[in-house]
Amino acid sequence: AIVTGSRASSALRHLALLVTATVLSLLLCELFVRAFVTVRNVGPSFSVYDPVYGKKLRAGVSILRVAPEFTMRLTTNSLGFRGPEPAQPLQGVVLFLGDSFTMGYGVDDGLEFPALVRRRLAGEGVPVVNAGIGNTGNGRWIKFLRDEAPRYEPRAVVLQVHANDFDDNLREGLFRRDEHGRLVELPVPPPGPGRIVQAVIEAVPGLSSSYLVGLAKQL
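Now for a look at the structure at hand. Small disclaimer: the values here were computed from a predicted structure and weren't measured.

### Some remarks on the overall build of the chain
- Counting secondary structure elements, the chain contains seven helices and nine strands.
- Scaling as 2.2 N^0.38, a compact globule of 219 residues should have a C-alpha radius of gyration of about 17 Å, whereas the chain reaches 23 Å, well beyond that.
- By its C-alpha atoms, the chain is 80 × 50 × 35 Å across when sized along the principal axes.
- Within the chain, the proportion of its 219 residues that are buried is 35%.
- Working note: accessible area of the chain is about 13,100 Å², and carbon and sulfur atoms make up 64% of it.
- Computed over 24 positive and 20 negative side-chain charges, the inter-centroid distance for the chain is 7 Å.

So this is what it looks like as C-alpha cells:
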C-alpha cells in the first residue's frame, strides 16, 4: 500500500510539472507571437452558424477586434444588427444590406456608413437597420428580403455590391439556377469543424483574444 501510494504521489507530481510546463510554454509562445508575429485578426468571431443563412451576426455582443491596421469595437443589438438597441418600433426603415463594407469592418461603432446615415436621419424620425455582415454574397439578400424585411416595412433598401460577391455566392451555395434560369433554394449544410472549434474556443473566457489562437486560425 505504501509503494502504491508513493507511485500515485509521484505520478501526481509529474502531472503537475507537465501542466505547469505546458502553461508556461503557451504563455511564452503567446508573448513571442504578440511581439514578433503579424496576426491578421485577434478577437471573438462576429458571427454564429444559422440554419437559414449559413451564418448571422451574434446578437447582443460587444466585440473588440485587433488587426495590424486597426483596433475596432463592434456592438450588436438584440436583433443581431450592428448598432444601438432600437428606441422605437422598427417600421418604415431604411434597410442596408451588404457585406463587410456595410457591416463596417475596420471602424468603431458609429463610424460605419449606415450609422452616419442614421445620425443624419435622427431628426426625421426615420430608423435605420444595418443588416450587413462580412463575407456574404447576394443569396442572403434574397432570403432576408423574403423572410425578415417585411416586418420592418422598409421605405428604402440600399444594396451594397462588391466584385467578390460572385465568389461568395458560389462559396455559400444558398441558391442555384435550374435549366429554365429560375433560382432554386438549396439546403444549408450543418456547421462544419471550424464552427465547432470556434464554439469551444469562445466557451473558455479570454481564449478567443489570444494572439496564439488568432495565429492558429490564420494558418
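That covers the picture; the talk isn't over yet.
### Quick word on the nonpolar core
- Of all hydrophobic cores here, the largest spans twelve residues; its members are Tyr-53, Phe-81, Leu-90, Val-93, Leu-95, Leu-97, Val-129, Ala-131, Trp-141, Phe-144, Ala-149 and Tyr-152.
- Listing elements by their share of this core, those giving two or more residues are β5 (94–97) and α4 (139–147).
- If sequence neighbours within four positions are ignored, Val-129 has contacts with Phe-81, Leu-90, Val-93, Val-94, Leu-95 and Phe-96.
- The next biggest cluster of nonpolar side chains, apart from the first, holds ten residues, and it includes Ala-67, Phe-70, Met-72 and Met-103.

### Considering the pattern of salt bridges
- Tallied over the full model, the rule gives eleven salt bridges.
- A salt bridge links Glu-30 to Arg-34; the nearest nitrogen and oxygen atoms lie 2.8 Å apart. Of this pair, Glu-30 and Arg-34 both sit in helix α1 (residues 2–36), four residues apart, which is roughly one turn of the helix.
- Judged by its relative accessible area of 11%, Glu-30 is buried.

### Things to note about the side chain of Lys-143
- Residue position: Lys-143 is located in helix α4.
- Every residue in contact with Lys-143, bar those within four places of it in the chain, is listed here: Val-52, Tyr-53, Glu-148, Leu-174, Phe-175, Glu-185, Leu-186 and Val-188.

### Some thoughts on α4
- Among all positions in α4, only Gly-139, Arg-140, Trp-141, Lys-143 and Phe-144 are buried.
- Buried-residue contacts for α4 involve β5, β7 (156–159), α5 (165–172), β8 (175–177) and β9 (183–185).

### Re the sheet that holds strand β6 (residues 128–130)
- The strand order across the open sheet formed by three strands is β6-β5-β7, and the pairing between neighbours is parallel. Sheet topology places β6 and β7 at the edges, where each strand pairs with a single neighbour. On average, adjacent strands in this sheet sit at an angle of 15° to one another, irrespective of strand direction.
- Bridging between β5 and β6 involves three bridges; their strand directions are parallel. The partner of Val-94 across the bridge, within β6, is Val-128.
- Sheet strands in contact with α4 are β5 and β7, and its direction is about 150° off that of β5.

What counts and how
Residue positions within a chain follow its written sequence, with the count starting from 1. For this predicted model, a pLDDT threshold of at least 70 governs which residues receive local features, and a threshold of 80 or more governs which side-chain atom pairs are given and counted, while totals over whole chains, interfaces and linings are taken from all residues. Excluded from the side-chain calculation are hydrogens and water; included are all heavy atoms of the structure. Secondary structure counts use DSSP, requiring at least four H or I residues in a row for a helix and at least two E residues in a row for a strand, with both numbered from the N terminus. C-alpha atoms define the radius of gyration, and 2.2 Å times the number of residues to the power 0.38 defines the globule rule. Whether a residue is buried, partly exposed or exposed follows from its accessible area with a 1.4 Å probe, protein chains only, as a fraction of its type maximum: under 20%, in between, or over 50%, in that order. Accessibility throughout is a Shrake-Rupley quantity obtained with a 1.4 Å probe, and a residue counts as covered only by protein chains that appear here. In summary, the charge assignment counts Lys and Arg as positive and Asp and Glu as negative, without counting His or the chain termini. Charge positions are represented by NZ for Lys, CZ for Arg, CG for Asp and CD for Glu. Only buried residues count toward a nonpolar core, which is a set of Ala, Val, Leu, Ile, Met, Phe, Trp, Tyr and Cys residues joined through side-chain atoms within 4.5 Å. When checking whether two residues touch, look at their non-hydrogen atoms; a contact exists if any pair is within 4.5 Å. Salt bridge, as used here: a side-chain nitrogen of Lys or Arg that lies within 4 Å of a carboxyl oxygen of Asp or Glu. Should DSSP find at least two bridges between two strands, the strands are regarded as paired. An axis is simply a line fitted to the C-alpha atoms; with a helix, the fit covers only the stretch in contact. Between two such axes, the angle follows the N-to-C directions and lies from 0 to 180 degrees.

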